[in-house]
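Descriptive analysis of the structure
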Amino acid sequence: MDDVSINPQIEESWKKVLAGEFQQEYFRELKNFLVEERRQYRVYPPGSKIFAAFDFTPFTSVKVVLLGQDPYHGHGQAQGLCFSVPRGIPKPPSLVNIFKELHDDLGLAIPPHGNLEEWARQGVLLLNATLTVRANQAGSHQHKGWEQFTDAAIRALAEQRENLVFMLWGNYAQAKAALVDGHKHCILKAPHPSPFSANQGFFGCRHFSRANDFLVRAGKEPVDWQIS
């Protein structure tokens with residue numbers, strides 16, 4: 001690959017937790033697929049940011065897991081954190097709706113940009129199920145092995161950690177609840193924040209305050225959801 005070794009440039013605590021995945025045949029096939037994709041097409045995010053969700057939020061630091069499906073496939077958008085875009089990039093519609101719900105739930109100011117790194121540094125794992133995508137082709141890297149890898153990460157958190165919040169928006173994310181013990185963790189479900197479904201129950205779900213209420217009851221620091 002042009003600017004990353006997939007085997008594995010990832011934060012140390014996650015490298016230990018997921019070490020077995022890197023040795024499996026599906027991951028070798030995924031790496032070969034990505035090498036060929038980069039040879040022929042533009043692939044997002046940049047190689048150094050493929051594992052950004054893990055790099056920003058070490059395994060032992062995770063408090064909240066927010067699941068997305070695919071990286072953004074437009075130029076300059078994807079940065080390895082679900083729903084997040086770099087400063088200077090227009091906020092995508094789903095992120096606009098996330099910020100609207102955040103304002104309605106907690107009364108926080110709408111951020112001037114869409115970079116969610118502040119959340120990630122506080123223990124919010126912003127994890128897409130698929131970690132790469134071909135430019136301008138949504139879903140183009142699905143079913144190539146990434147889902148098996150990210151499911152392993154979710155399963156490790158569910159089994160080895162306690163009192164985490166899983167925020168599952170939309171049918172795809174909600175299917176991941178099967179990997180999580182709801183008696184051990186807090187599972188919050190809502191429709192996807194996309195303009196196509198936000199009015200069907202995402203608006204008014206109050207997941208941000210509910211997540212913090214759970215964390216406080218579990219003796220953990222709440223997340224400061226305000227982005228500066």
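As the structure is a computational prediction, the values presented were derived from the model and not from experiment.

Procedures and definitions
- Residues numbered from 1 in each chain as written.
- Predicted model: local features only at pLDDT ≥ 70, side-chain atom pairs only at ≥ 80, totals over all residues.
- Heavy atoms only, no water.
- Helix = DSSP H or I, 4+ residues; strand = E, 2+ residues; numbered from the N terminus.
- pLDDT = per-residue confidence, 0-100.
- Contact = heavy atoms within 4.5 Å.
- Core = buried A, V, L, I, M, F, W, Y, C linked by side-chain atoms within 4.5 Å.
- Buried < 20%, exposed > 50% of the residue type's maximum accessible area, 1.4 Å probe, protein only.
- Phe/Tyr/Trp six-rings, centres within 6.5 Å; stacked < 30°, edge-to-face > 60°.
- Lys NZ or Arg CZ within 6 Å of the ring centre and 35° of its normal.

**Some words on the environment of glutamate 25**
For glutamate 25, the location among the structural elements is in helix α3 (residues 25–40). When the C-alpha atoms of glutamate 25 and glycine 145 are compared, they prove to be 9.7 Å apart, with 120 residues separating the residues in sequence.

**Describing the confidence of the model for the chain**
Residues at a pLDDT of 70 or more form 96% of the chain, whose mean pLDDT is 95. In the model, residues 1–6 has pLDDT below 50 throughout and makes 21 contacts with residues more than four positions away in sequence or in other chains.

**Quick look at the nonpolar core**
Membership of the largest hydrophobic core comes to 68 residues, with the highest contact counts inside it found for Trp14, Phe51, Phe54, Trp119, Phe149 and Trp225. Broken down by element, this core gets its largest block of residues, eight residues, from helix α7 (residues 146–160).

**A look at the packing of aromatic side chains**
Scanning the entire structure with this criterion turns up 21 aromatic pairs. With centroids separated by 4.9 Å and ring planes inclined at 75°, the aromatic side chains of phenylalanine 22 and phenylalanine 27 adopt a geometry described as edge-to-face. Under the relative-accessibility criterion, phenylalanine 27 is labelled buried at 2%. Judged by centre distance (6.3 Å) and plane angle (55°), the rings of phenylalanine 51 and phenylalanine 54 are tilted. Classification of phenylalanine 54 by relative accessible area gives buried; the value is 0%. Among the aromatic side chains, those forming a connected cluster through ring pairs are Trp14, Phe22, Tyr26, Phe27, Phe51, Phe54, Phe59, Trp146 and Phe149. When the ring centre of phenylalanine 203 is taken as origin, the NZ or CZ atom of lysine 100, which lies over that ring, is 4.7 Å away. The residue whose ring lies beneath arginine 134 is tyrosine 41, and the NZ or CZ to ring-centre distance is 3.8 Å.

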